[in-house]
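Survey of secondary and tertiary structure
Okay, here's what each chain looks like letter by letter:
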Amino acid sequence: MSDLRDLYQEVILEHSKAPRNYRELPAANHKAEGFNPLCGDRFTVYVTMDGDAIKDISFQGSGCAISKASASMMTQIVKGKSTAEAEKLFDSFHKLVTGHASANGEAELGKLAVFSGVSEYPARVKCATLAWHTLHAALEGKQETTTE
Amino acid sequence: MSIGAKSVSGTGFDVERARADFPILQQKVHGKPLVYLDNAATTQKPRAVIDAISRYYEGTNSNVHRGVHYLSELATAEYESVREAARRFLNAADHKEIIFVRGTTEAINLVAQSYGRAHVGAGDEILITEMEHHSNIVPWQILCRERGAALRVAPINDAGELDLEKFSTLLGPKTKLVAVTHVSNALGTINPIRKIVEMAHGAGAPVLVDGAQAAPHLKVDVQGLGCDFYALSGHKIYGPTGIGVLYGKTALLEKMPPYQGGGDMIMSVTFEKTVYNRLPYKFEAGTPDIAGVIGLGAALNYLTYLGIEQIGAHEHEVVRYATSAVSAIPGVRLIGTAKEKAGVVSFTLGDVHPHDIGTILDREGVAIRTGHHCSQPVMQHFGVEATARASFALYNTKEEVDALVRAIEKVRKVFA
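Predicted model only: the values in this text are computed from it and were never measured. (Residues numbered from 1 in each chain as written. Chains lettered and ligands numbered in written order. Predicted model: local features only at pLDDT ≥ 70, side-chain atom pairs only at ≥ 80, totals over all residues.)

A word on the overall build of chain A. Helix and strand counts for chain A come out as six helices and four strands. Traced from its N-terminal end to its C-terminal end, chain A shows the element sequence α-α-β-β-β-α-α-α-α-β. For chain A, the C-alpha radius of gyration of 14 Å lies close to 15 Å, the compact-globule estimate for 148 residues. For chain A, the spread of C-alpha atoms along the principal axes amounts to about 45 × 35 × 30 Å. The 148 residues of chain A split such that 44% are buried. Nonlocal contacts in chain A, meaning residues at least 24 apart in sequence, comprise 61% of its contacts between residues at least 6 apart. (Helix = DSSP H or I, 4+ residues; strand = E, 2+ residues; numbered from the N terminus. Rg over C-alpha atoms; globule rule 2.2 N^0.38 Å. Buried ≥ 20, exposed ≤ 12 C-beta atoms within 10 Å, placed from the backbone. Contact = placed C-beta atoms within 7 Å.)

Below you can see the structure in the form of structure tokens.
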């Protein structure tokens, strides 16, 4: 079962069971809904921007363990970051889960390195990146996005 | 949970012998023997089908209905012999009533666009059920939007059975067509088609039956059922992808305008006027999927050789075994518990998302489908986003059900 544990790491399982920042954000000035039409996963990401900084961020919705844990850990890492920093993290994260990670990228992702196992499961890349696509849409001022 | 697991089932069906006919089943996945339980999505192909397609391309390849040369005559004869085989398989009255299409989806679209456009107008109604596959919903929505007609939906109960009483109240003089699935792909429910047809005909509405999930498991007799159209996909009955059959009653087909224009569907063409070909060619524009039809013919032969009733009885026993073994696992909720079922065990497991179940099962060599199964209204009825679905075919065994159960236990361990 060691290979399964590469995907379902303890940290991921723990976040999927008790997601952080899992709530609506009434003061949000950016919001987007992300949808994966293949599996029905659906998340709303709320962002409160203060100038160019992500002052607060939260999410709600339903999805598999990978997508939920990814959303949870994403909200933790981007809080306080600038838009450009968040987009750079998305880029590094995308490279990580598709097996193209660089040493620099992995270093800035910190705890999110637990998602490296996803690269062995191509069908699950969309699960891991759904929240990030949704955040990207929210920051760009779009109301919704899909992984298709 | 391996009680009573043996390869020759109580029905006398020799499953091990049948398994040897399917080359793909011999392989391992992630180092484990492949346990293929995604048959409602598509079935595997027996050697006879694979060989028939190769033989066609190696020895017979030619266009049909055109040439006077040797190969064209051979190809045409073989192609048309499959039409007769399909007629026998469905017990249609006439081979003219068998139209080759890409699959069930195209068959339904053909009826919606051809019959629908000719007979459905503003204020009319199309009646479907809550358990339909998207392919038996969306073509009718498109038609209704175009014609200003309304789509009516007969509800299901919490076992996943059609509510016949509500169905009957939705039938009326405005109902121009009833479209209903024979077996639900997400729930496995077998609908009482004969009764539905009786009720619909009583209201003057013809009935289209989506037979994609029924044809692999049940003996289909379109004259016995009395339905007006019956659609099925070749790839779900061990044939190739890209080929399917639409059955339609001659009287209705004769009155329907063509679905697509092109070669083969015409008698004569001038720039002023085109005379359409006779049935069934009126509905087969362009060079058809000849290899697909020949592969389908081999699949029909194979099913006839094994016996659809024998296959059905064997599958019934495996599905019954799976239903009791899977439902005994703590946290499992069965979705679809109709009295009459075929081929499908759909379930959820506690809070675990079906996609996570699917990934873990895959690592154990067990292939299932997870998601909404192109039946989002069914998911909404049961208040779930998705389910895990094990679906069975003639080559599945009780030992494979045991492997499924062990794999689900592994999911419970990972998510403990």
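On we go from here.
Within chain B, the secondary structure is distributed over 14 helices and 17 strands. Here the C-alpha atoms of chain B give a radius of gyration of 22 Å, agreeing with the 22 Å that 2.2 N^0.38 yields for 416 residues. Along the first, second and third principal axes, the C-alpha set of chain B runs to 75 × 55 × 35 Å. By the burial criterion, 51% of the 416 residues in chain B qualify as buried. The long-range fraction of contacts in chain B, counting pairs at least 24 apart against all pairs at least 6 apart in sequence, stands at 71%.

Opposite the 15 residues of chain A that make contact, chain B presents 12 residues. The element that contributes the greatest number of residues to the side of chain A that touches chain B is helix α1 (residues 2-7) of chain A, accounting for three residues. A class-by-class count of the residues in the side of chain A that touches chain B yields 10 nonpolar, three polar and two charged. (Nonpolar A, V, L, I, M, F, W, Y, C, P; charged D, E, K, R; others polar.)

A few words now on the domain arrangement of chain B. All names here are of chain B. When the domains of chain B are assigned, the result is domain 1 (15-33 + 308-414) and domain 2 (50-305). Computed from C-alpha coordinates alone, the two centres of domain 1 and domain 2 are separated by 28 Å. Residue-level contacts link 22 residues of domain 1 with 22 residues of domain 2. Elements with a minimum of two residues in the side of domain 1 that touches domain 2: α11 (308-327), β14 (344-349) and α13 (376-382). Considering only residue class, the side of domain 1 that touches domain 2 consists of nine nonpolar, eight polar and five charged. (Domains from an automatic or database assignment.)

With that settled, consider the nonpolar core. By size, the foremost hydrophobic cluster in this structure holds 125 residues, and its most contacted members are Val207(B), Tyr230(B), Ala322(B) and Leu404(B). Looking at this core element by element, the count peaks at nine residues for helix α10 (residues 290-306) of chain B. When we break this core down by domain, the ones giving at least three residues each are domain 1 (15-33 + 308-414) and domain 2 (50-305) of chain B. Sequence-distant contacts of Tyr230(B), that is, excluding residues within four places in its chain, are made with Leu90(B), Val209(B), Gly211(B), Val220(B), Val222(B) and Tyr247(B). Counting 38 residues, the second largest nonpolar core, distinct from the first, contains Tyr8(A), Ala65(A), Ile66(A) and Leu109(A). (Core = buried A, V, L, I, M, F, W, Y, C linked by C-beta atoms within 7 Å.)

Before going further, it helps to examine the packing of helix α2 (residues 10-17) of chain A against helix α3 (residues 65-78) of chain A. Residue and element names in this part refer to chain A. At a minimum axis separation of 8 Å, α2 and α3 run at an interaxial angle of 85 degrees. Taken together, the axes of α2 and α3 are roughly perpendicular relative to one another. Side by side, α2 and α3 meet where Ile12, Leu13, His15 and Ser16 of the first sit next to Ala65, Ile66, Lys68, Ala69, Ser72 and Met73 of the second. (Axes fitted to C-alpha atoms, helices over the stretch in contact; angles between N-to-C directions. Parallel < 35°, antiparallel > 145°, perpendicular 65-115°, else oblique.)

A separate point is the sheet that holds strand β17 (residues 387-391) of chain B. Residue and element names in this part refer to chain B. The strand order across the open sheet built from four strands is β13-β14-β17-β16, with neighbouring strands paired in antiparallel fashion. Looking along the sheet, the strands with just one partner apiece sit at the ends: β13 (332-334) and β16 (369-371). This sheet shows a mean twist of 30 degrees between the axes of neighbouring strands, independent of strand direction. Here three bridges tie β13 to β14, and the two strands are oriented antiparallel to one another. Within the sheet, the bridge partner assigned to Val332 lies in β14 and is Leu349. In the packing of α11 onto the sheet, the strands contacted are β13, β14 and β17, and the crossing angle to β14 comes to about 10 degrees. Docked against the sheet, helix α12 (residues 354-363) engages β14, β16 and β17, running at close to 160 degrees with respect to β16. (Pairing = 2+ DSSP bridges.)

To continue, consider unusual backbone geometry. Following Leu279(B), the chain continues into Pro280(B) via a peptide bond in cis, with omega recorded as 0 degrees. Along the chain, the position of Pro280(B) falls in the loop between β12 (274-276) and α10. A positive phi angle, near 55 degrees, is found at Asn21(A), a position not held by glycine. Examined against the element boundaries, Asn21(A) turns out to sit in the loop between α2 and β1 (30-36). A positive phi is found at Asn91(B), a non-glycine position, where the angle reads about 50 degrees. Within the secondary structure, Asn91(B) sits in the loop between α3 (70-90) and β4 (98-101).

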